[in-house]
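# Coordinates in review
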Amino acid sequence: NGLDSEGTPFARRAVPSPTATATPTLTPTPTPMALPVELRSDGWVFRITNIEVRSSLAGTTELKPEQDAFLILIGQLHNFSGERRCPTFDDWKLTDAVTGTEYEFAYGQETSRMKDELGLDYPGGFLGLCLADGQTRETFLIFDVKQSVELSLVFHMDSGGQPLLL
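Right, let's walk through the structure included here.

Procedures and definitions
- Residues numbered from 1 in each chain as written.
- Predicted model: local features only at pLDDT ≥ 70, side-chain atom pairs only at ≥ 80, totals over all residues.
- Heavy atoms only, no water.
- Buried < 20%, exposed > 50% of the residue type's maximum accessible area, 1.4 Å probe, protein only.
- Helix = DSSP H or I, 4+ residues; strand = E, 2+ residues; numbered from the N terminus.
- Arc of directions from axis to C-beta.
- Contact = heavy atoms within 4.5 Å.
- Phe/Tyr/Trp six-rings, centres within 6.5 Å; stacked < 30°, edge-to-face > 60°.
- Core = buried A, V, L, I, M, F, W, Y, C linked by side-chain atoms within 4.5 Å.
- Salt bridge = Lys/Arg side-chain N within 4 Å of Asp/Glu carboxyl O.

### Describing helix α1 (residues 109-118)
Buried within α1 we find E110, T111, R113 and M114. Taken down its axis, α1 places every buried residue within 165° of arc, on the same side. The secondary structure elements touched by the buried residues of α1 are β2 (44-54), β3 (69-79) and β6 (136-145). Trailing α1 by a residue or two, G119 shows a phi angle of about 70°, which is positive.

Put into structure tokens, the structure is as follows:
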């Protein structure tokens, strides 16, 4: 008969059209890290006491990161390996835990400016930061990173170390 149960002709009945609805995106909320935190590897400990994220570095001219920010880790490096060793910046690996992107140590003007500002040495690329067995030194690491919720830092002197989520 062409009528629905309410007596309305099918041709006149309003047919709802699909509407776009926003699907909520779950964004993890970073949990503040309780400092200090220790990263261990083969008789070595890097005790991180301060973490800074900067959009630029001050100096005679402002230095901007190539990515989104400079990640600066400040702490003490302890040698308990039984011998004098010289870790270099290659002994730290910073990775985006979500995408797998690896970030290199920001070596160059970045390290020079931070060394001047903090008055600290850093593990260089050639000679490293040499410590005798039992010696501790204040140092820093600096990386040029994209904005990320989860970064994983590994300190690997010989056989490797445990990752630390930052």
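The rest of the description comes next.
### Focus on the packing of aromatic side chains
Under the criterion given, the structure shown has 7 aromatic pairs. Consider the rings of F89 and Y107, whose centres lie 5.0 Å apart with planes at 40°: the pair is tilted. With F89 in the loop between β3 and β4 (92-96) and Y107 in the loop between β5 (102-103) and α1, this pair connects stretches of sequence that are 18 residues apart. The partly exposed category is assigned to Y107, whose relative accessible area is 47%. Taken together, the aromatic side chains of F89, F105, Y107, Y122, F140 and F143 make up a single cluster linked through ring pairs.

### Brief notes about the side chain of T88
On the secondary structure map, T88 appears in the loop between β3 and β4. Since its relative accessible area comes to 14%, T88 is described here as buried. With sequence-adjacent residues up to four places away left out, T88 is seen in contact with P123, G124, G125, F126 and G128.

### Digging into the nonpolar core
If you look at the biggest cluster of nonpolar residues, it comprises 32 residues, and the most contacted ones within it are F46, L77, W92, L94, I142, F143 and L153. Breaking this core down by element, the ones donating at least two residues are β1 (37-41), β2, β3, β4, β6 and β7 (151-155). Looking at this core element by element, the count peaks at 6 residues for β3. Setting aside chain neighbours within four positions, we find F143 in contact with A69, F70, L71, L73, W92, L94, Y103, E104, F105, A106 and L153.

### Concerning the pattern of salt bridges
In total, this model carries 9 salt bridges according to the counting rule given. The residue E83 makes a salt bridge to R85 at a minimum N-O spacing of 3.9 Å. Using a relative accessible area of 18% as the deciding quantity, one classes R85 as buried. In this structure, E102 engages K93 in a salt bridge whose closest nitrogen and oxygen atoms are separated by 3.5 Å. Judged by its relative accessible area of 35%, K93 falls in the partly exposed class. Among the ionic contacts, a cluster of salt bridges with common partners joins E38, R40 and R47.

All we've got here are geometric facts, nothing functional implied.
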